[in-house]
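# A structural walkthrough
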Amino acid sequence: MIQGIGTDICDVRRIRASFERHGDRFAEKILSEAELAAWRRRSSRWPERGLRYLATRFSAKEAFSKAIGLGMRLPMHWRLCEVANRPSGEPFIVLHGELKDWFEARQWVAHISVTDESDYAASFCVVEKL
């Protein structure tokens, strides 16, 4: 049974402006440790790709927060929600800490889709009860 849906579209130019203003601190606020490592690898090879990665993660976490009905209120926190990829490239949600406990207590599962183009990143999330 579907518990919630969430969608988000993010302007990559807005992410770029925030990153230019705040530097790595912006990424460190949004990304989990694993995501930070991936972001740094991508950014070192192609900075624009790193910005798009940051934008897709920002968008996915916003969509997830809407799907669970909390928005950005505890236990939802940027760094406790991670968007990882299977070897096939399929994205999936990995939760940590208090958010993981809260989510699992409800017996929910999340499905996430992300996409990006030159100026926008978009995400769609469906949360369902097991």
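Our focus in this paragraph is the nonpolar core. Within the largest apolar cluster, 19 residues are counted, with the highest numbers of intra-cluster contacts made by Phe64, Ile68, Ile93, Leu99, Phe103, Cys125 and Val127. If you list the elements that add at least two residues to this core, you get α4 (47-67), β2 (81-85), β3 (91-95), α5 (97-105), β4 (108-116) and β5 (120-129). In terms of residues, this core owes the most to one element, α4, which gives four residues. Residues contacting Leu99, with those up to four places away along its chain left out, are Phe64, Ile68, Pro75, Met76, His77, Leu80 and Cys81.

This brings us to the environment of Thr115. As for its placement among the helices and strands, Thr115 is situated in strand β4. Classification of Thr115 as partly exposed rests on a relative accessible area of 45%. In the structure, Thr115 is positioned 63 residues away from Arg52 in sequence and 9.5 Å away in space, judged by C-alpha atoms. In this view, Thr115 contacts Thr56, Tyr120, Ala121 and Ala122; residues no more than four positions away in its chain are not counted.

Turning our eyes to something else, we now look at unusual backbone geometry. Across the junction of Leu74 and Pro75, the peptide omega takes the value 10°, indicating a cis bond. Structurally, the position occupied by Pro75 is in the loop between α4 and β2. The phi angle at Gln107 is positive, at roughly 55°, despite the residue not being glycine. Within the secondary structure, Gln107 is located in the loop between α5 and β4. Residue Gln107 is classed as partly exposed on the basis of its relative accessible area, which comes to 47%.

Attention now moves to the sheet that holds strand β1 (residues 2-11). What the three strands build is an open sheet, ordered β1-β5-β4; its pairing is antiparallel. Two strands close off the open sheet at either side, each with one partner strand: β1 and β4. With strand direction ignored, the average angle separating the axes of adjacent strands in the sheet is 10°. In this structure, β4 lies alongside β5, joined through nine bridges in antiparallel fashion. Bridging from a neighbouring strand, Trp108 pairs with Lys129 of β5. Packed onto the sheet, helix α1 (residues 12-22) meets β1 and β5 and runs at close to 70° relative to β1.

Packing of α1 against α4 brings their axes to within 9 Å, and their N-to-C directions diverge by 105°. Between α1 and α4, the angle is such that the two are roughly perpendicular. Across the interface between the two elements, Val12, Arg14, Ile15, Arg16 and Phe19 of α1 pack against Glu48, Leu51, Arg52, Leu54, Ala55 and Phe58 of α4. Grouping the amino acids of the contact of α1 with α4 by side-chain chemistry returns seven nonpolar, no polar and four charged.

In this structure, Leu31 sits in the loop between α2 (24-30) and α3 (33-45). Residue classification places Leu31 among the buried positions, given a relative accessible area of 0%. Between the C-alpha atom of Leu31 and that of Cys81, which follows or precedes it by 50 residues, the distance is 8.3 Å. Beyond its immediate stretch of four places on either side in the chain, Leu31 contacts Leu36, Trp39, Leu54, Arg57, Lys61 and Arg79.

Analysis parameters
What you see as residue numbers is a count from 1 along each chain, following the sequence as written. The predicted origin of the model limits local features to residues at a pLDDT of at least 70 and limits the giving and counting of side-chain atom pairs to 80 or more, whereas totals for whole chains, interfaces and linings rest on all residues. Heavy atoms throughout the structure, all of them, feed into the side-chain values; hydrogens and water do not. Nonpolar cores are built from buried Ala, Val, Leu, Ile, Met, Phe, Trp, Tyr and Cys residues. Side-chain atoms within 4.5 Å join them into one set. Partly exposed describes any residue whose relative accessible area lies between the buried limit of under 20% and the exposed limit of over 50%, with all areas from a 1.4 Å probe on protein chains only and scaled to the type maximum. Every helix listed is a DSSP run of H or I at least four residues long, and every strand listed is a run of E at least two residues long, numbered separately from the N terminus. Residues are treated as being in contact if the distance between any of their heavy atoms lies within 4.5 Å. A pair of strands is labelled paired if DSSP reports no fewer than 2 bridges between them. Between N-to-C directions, angles cover 0 to 180 degrees, with each direction set by a line fitted to C-alpha atoms, over the stretch in contact for helices. In this scheme, roughly parallel covers angles under 35 degrees and roughly antiparallel covers those over 145, while 65 to 115 is roughly perpendicular and the rest are oblique. Each residue is assigned to one of three groups, with Ala, Val, Leu, Ile, Met, Phe, Trp, Tyr, Cys and Pro labelled nonpolar, Asp, Glu, Lys and Arg labelled charged, and all others, Gly among them, labelled polar.

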